[in-house]
There are 2 protein chains.
Amino acid sequence: MTKDPDFDLQTFLPYLLAQAAETSSLDFQRLYKDRYGMLRTEWRVLFHLGIYGRMTASDIGARAKIHKTKISRAVQRLAERRFLTRTRDEQDRRVEHLELTAGGRAAYEDLRRIARDYDVMLTEGLSPDEVAVLRKALKHLAAV
Amino acid sequence: MTKDPDFDLQTFLPYLLAQAAETSSLDFQRLYKDRYGMLRTEWRVLFHLGIYGRMTASDIGARAKIHKTKISRAVQRLAERRFLTRTRDEQDRRVEHLELTAGGRAAYEDLRRIARDYDVMLTEGLSPDEVAVLRKALKHLAAV
DNA sequence: ACCTAATAGTTGATTTTGTAACTAACAAGA
DNA sequence: TCTTGTTAGTTACAAAATCAACTATTAGGT
């Protein structure tokens, strides 16, 4: 049977995005999973706390657009491993402040180095201009 | 606490890719889920058969980089709904050829139209040049 | 022909995710 | 001070993804 001339799956953005995201996500996963046995949401939470410091679960959810149940579970696991501490807010006792422990910070700094190296590796084969456009376009797409 | 100056999560490609892919995937999901109750892997299989015609499960897996168990289950569901037929190869009886039925083709053509419209909508706000670079870069990243 | 390895595809057990309902705490108006 | 509504976060159950083990069939060497 002949190829459909009107539509090419290889140019359909949700398809391309899914392929690229899955490839990079799986590659990067191997790095943090092997070292720390972390899940995807866990490194994301770890990185948010590493970069922005003290935050609440909702803060992270709002910034990263991750659902609160995912964050709740990631925080639980990170707390069990003593990567972060949870402190109740005295003014509003619904709120919990999260903060990395020394161990959490060490893990974050280690993974941040790895992430940076991985990012450099990913963009080999693309010109700096192309990378800039790619980042801009991805931000745009995430915001739609 | 201050922001880490050495590393910005908002430029880290696996993070950006995951955000963009998730956003577009969820949006597009609503369209095919509402109409046909399909899962992500199911529309992908449907599209492959719609575009390339007769294929085996392995062919699809190789082309789309989807794991064979996912494909196996997607094919089962599509077959139950009479969207495709499965035919044993006479030469090599391990192999099964998959092909869309008339109903499957109708669903594919309907969804293809929707996909095209959605793609157009996604790229509003980006110049044609930017879109071209984006597509090229995503293909590169998927292949790494 | 026979043994071993490889391939296509399926199934089952375990993990992970998603959805909805829930508790606890606060807020704001009557 | 009572509703009523909202927000932070957790938990329970259902849906889906992942991983390993499995069947059936073919291929390749000896």
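As shown above, the structure is provided for reference.
Residues numbered from 1 in each chain as written. Chains lettered and ligands numbered in written order. Predicted model: local features only at pLDDT ≥ 70, side-chain atom pairs only at ≥ 80, totals over all residues.

Caption draft 1: Representation of the pairing of strand E3 (residues 96–100) of chain A in the model. Bridge count for strand E1 (residues 55–56) of chain A against E3(A) is two bridges, and the pairing is antiparallel. From the neighbouring strand, A:Thr56 faces E3(A), where its bridge partner is A:His97. (Pairing = 2+ DSSP bridges. Helix = DSSP H or I, 4+ residues; strand = E, 2+ residues; numbered from the N terminus.)

Caption draft 2: Structural context of the protein's contact with DNA strand D. Neighbouring DNA strand D are 19 residues, the closest being A:Ala57, A:Ser58, A:Ser72, A:Arg94 and B:Arg93. Those elements that provide at least two residues to the surface near DNA strand D are helix H3 (57–64) and helix H4 (68–80) of chain A together with helix H2 (40–52) and helix H4 (68–80) of chain B. Looking at the surface near DNA strand D, its residues break down into four nonpolar, seven polar and eight charged. (Near = placed C-beta within 6 Å. Nonpolar A, V, L, I, M, F, W, Y, C, P; charged D, E, K, R; others polar.)

Caption draft 3: Quick peek at the interface of chain B and chain A. Taken together, the 44 residues of chain B in the interface contact 44 residues of chain A. Split by residue class, the side of chain B that touches chain A holds 25 nonpolar, nine polar and 10 charged. (Contact = placed C-beta atoms within 7 Å.)

Caption draft 4: Structural context of the sheet that holds E1(A). All names here are of chain A. Read across the sheet, three strands follow the order E1-E3-E2 without closing on themselves; strand pairing throughout is antiparallel. Every other strand in the sheet has two partners, leaving E1 and strand E2 (84–88) as the edge strands with one partner each. Bridge analysis of E2 against E3 gives five bridges, and the strand direction is antiparallel. By the bridge assignment for E3, Leu84 is matched with Leu100. The sheet strands contacting helix H2 (residues 40–52) are E1, E2 and E3, and the helix crosses E3 at an angle near 85 degrees. (Axes fitted to C-alpha atoms, helices over the stretch in contact; angles between N-to-C directions.)

Caption draft 5: How the structure looks around the protein's contact with DNA strand C. Of all residues adjacent to DNA strand C, which total 19 residues, the nearest are A:Arg93, B:Ala57, B:Ser58, B:Ser72 and B:Arg94. At the level of secondary structure, the elements contributing two or more residues to the surface near DNA strand C comprise H2 and H4 of chain A together with helix H3 (57–64) and H4 of chain B. The biggest single contributor to the surface near DNA strand C is H4(B), with four residues. Residues of the surface near DNA strand C, tallied by class, amount to four nonpolar, seven polar and eight charged.

Caption draft 6: Region of interest: unusual backbone geometry. Residues and elements named next belong to chain A. One non-glycine residue, Lys65, adopts positive backbone phi at about 55 degrees. Structurally, Lys65 is set in the loop between H3 and H4. Of the residues examined, Lys65 has 12 C-beta atoms within 10 Å and is grouped as exposed. (Buried ≥ 20, exposed ≤ 12 C-beta atoms within 10 Å, placed from the backbone.)

Caption draft 7: A look at the nonpolar core. Counting 77 residues, the largest nonpolar core has A:Leu17, A:Leu46, B:Leu17 and B:Leu46 as its most contacted members. Aside from chain neighbours lying at most four places away, what touches A:Leu46 is A:Leu78, A:Phe83, A:Gly104, A:Ala107 and A:Tyr108. (Core = buried A, V, L, I, M, F, W, Y, C linked by C-beta atoms within 7 Å.)

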